[in-house]
Amino acid sequence: MERWLPLELASTVRHDGDGGVADDLVTVGGTTRWIQAQADLLAAHVPVAELVADEDVRLRVIELRQAVRALFARAVSPAPPSPADARRLMPADRALTHLNTVAAREPVAPQLDWPAEGVPGPRLLSAESDPYVRLLAALARSAIDFLGGPQREQLRSCTAPRCVRYFVKSHGRQEWCKPSCGNRARAARHYSRRRTAAEGG
């Protein structure tokens, strides 16, 4: 299944399994674990294995997540945003400015990479020495690419009870981020129909 960095970042806010919301970035250790779990998606941008978050990095990643989730809410509109932050979204204009500012903090130059036995391709060469600036800029640029690309049209907020995730719709009738959410939504509808029938009868 395809993974996108901005979706991975947004999904650090998730249903905790007990009717509440969990935040994978609530601690410095959790933030470090999340960064390292994205090694495959970040390998071309920053040496993830060397990164250990501190409180400043944690707060900067959270602020970027707030911007991404606000722009995801704008992208899925007029459908409702995730209930996790529906009442406390960063204003869209501020989110856009923040995302673009973070992306611009890393000076990069496009380079053509053309192996002797391969296909030529572009890569970005960074002039930034601070790996944490590079990390945040990579996260911001991935969100810019995502929201500026075709995936934005398929972005949805999961409507299953208690779910707070965003997902990319992969087929025509998909309503939920994963099968367990679909099961929970169908069970809730069934319970609601039975209750309505019992009250009406």
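Rules used throughout
- Residues numbered from 1 in each chain as written.
- Predicted model: local features only at pLDDT ≥ 70, side-chain atom pairs only at ≥ 80, totals over all residues.
- Heavy atoms only, no water.
- Helix = DSSP H or I, 4+ residues; strand = E, 2+ residues; numbered from the N terminus.
- Buried < 20%, exposed > 50% of the residue type's maximum accessible area, 1.4 Å probe, protein only.
- Contact = heavy atoms within 4.5 Å.
- Areas by Shrake-Rupley, 256 points an atom, 1.4 Å probe, with all protein chains shown as cover.
- Expected span 1.5 Å × (residues − 1).
- Arc of directions from axis to C-beta.
- Axes fitted to C-alpha atoms, helices over the stretch in contact; angles between N-to-C directions.
- Parallel < 35°, antiparallel > 145°, perpendicular 65-115°, else oblique.
- Left-handed = near helix turned anticlockwise from the far one by under 90°.
- Core = buried A, V, L, I, M, F, W, Y, C linked by side-chain atoms within 4.5 Å.
- Salt bridge = Lys/Arg side-chain N within 4 Å of Asp/Glu carboxyl O.
- Phe/Tyr/Trp six-rings, centres within 6.5 Å; stacked < 30°, edge-to-face > 60°.

Q: I keep staring at the overall build of the protein chain and nothing clicks. Help me out?
A: The secondary structure content of the protein chain amounts to eight helices and six strands. When burial is assessed residue by residue, the protein chain has 40% of its 201 residues classed as buried. For the protein chain, long-range pairs separated by at least 24 residues make up 55% of all intrachain contacts whose partners lie at least 6 apart in sequence. Accessible area for the protein chain stands at about 11600 Å²; split by element, carbon and sulfur atoms hold 53% of it.

Q: Can you walk me through helix 5 (residues 92-104) in this structure?
A: Since the α-helix turns once every 3.6 residues, residues separated by three or four places project in the same direction. Relative to the 18 Å expected for 13 residues at 1.5 Å per residue, helix 5 spans 18 Å between its end C-alpha atoms, a close match to the ideal helical length. Within helix 5 the residues assigned to the buried category are Ala95, His98, Leu99, Val102 and Ala103. The buried residues of helix 5 all sit within an arc of 130° when viewed along its axis, so they share a single face. What points out from helix 5, more than 90 degrees from its buried face, is the exposed set Asp93 and Ala104. Tucked inside the fold, the buried residues of helix 5 contact helix 4 (55-76) and helix 6 (131-147).

Q: Quick question: what am I supposed to make of the packing of helix 5 against helix 6 here?
A: When two helices pack together, their arrangement is captured by the angle between the axes and the distance separating the axes. Interhelical geometry of helix 5 versus helix 6 gives an angle of 130° and a closest axis separation of 7 Å. Put simply, helix 5 runs oblique to helix 6. Of the two elements, helix 5 crosses helix 6, and the hand of that crossing is left-handed. Mapping the contact onto sequence places Leu99, Asn100, Val102 and Ala103 in helix 5 and Leu136, Ala137, Ala140, Arg141, Ala143 and Ile144 in helix 6.

Q: In this structure, what is going on with unusual backbone geometry? I would like to understand it.
A: Trans peptide bonds make up the majority, and among non-glycine residues the majority have a negative phi. The amide bond that connects Ser77 to the next residue, Pro78, takes the cis arrangement and shows omega of 15°. Phi is positive for Arg162, which is not a glycine, with a value near 70°. Its place among the elements puts Arg162 in the loop between strand 5 (155-157) and strand 6 (166-168). For Arg162, a relative accessible area of 44% puts it in the partly exposed group.

Q: Can you help me understand the nonpolar core in this one?
A: The nonpolar side chains of soluble globular proteins are, as a tendency, buried together. One finds Leu7, Ile35, Leu64, Phe72 and Phe146 to be the most contacted residues of the largest nonpolar core, which totals 41 residues. Secondary structure elements with two or more residues in this core: helix 1 (5-10), helix 2 (28-37), helix 4, helix 5, helix 6 and strand 6. The element contributing the most residues to this core is helix 4, with eleven residues. Setting aside its immediate chain neighbours within four residues, Phe72 contacts Pro6, Leu7, Ala10, Phe146, Leu147, Leu155 and Tyr166. Cys158, Cys163, Trp176 and Cys181 belong to the second largest nonpolar core, which has seven residues in total.

Q: Is there a simple way to explain the pattern of salt bridges in this structure?
A: Pairing between side chains becomes possible if they bear opposite charge and their charged atoms approach one another. In total, this model carries ten salt bridges according to the counting rule given. Between Glu55 and Arg58 there is a salt bridge, with its nearest N and O atoms 2.8 Å apart. Of this pair, Glu55 and Arg58 both sit in helix 4, three residues apart, roughly one helical turn. With its nearest N and O atoms 2.7 Å apart, the salt bridge here joins Glu153 to Arg152. Owing to a relative accessible area of 31%, Arg152 belongs among the partly exposed residues under this scheme. Taken together, the shared-partner salt bridges in this structure form one network comprising Arg3, Glu8 and Asp40.

Q: Got a minute to help me understand the packing of aromatic side chains in this structure?
A: Two descriptors summarise a pair of aromatic rings, namely the distance from one centre to the other and the angle between the planes of the rings. On inspection of all chains with the given rule, the structure shows three aromatic pairs. Their ring planes at 70° and their centres at 5.9 Å tell us that Trp4 and Phe146 sit as a pair that is edge-to-face. Placement of the pair is Trp4 in the segment before helix 1 and Phe146 in helix 6, with a sequence separation of 142 residues. Between the aromatic rings of Phe72 and Phe146, the centroid separation amounts to 5.5 Å while the plane-to-plane angle is 40°, which identifies the pairing as tilted. Of this pair, Phe72 sits in helix 4 while Phe146 sits in helix 6, and the two are 74 residues apart along the sequence.

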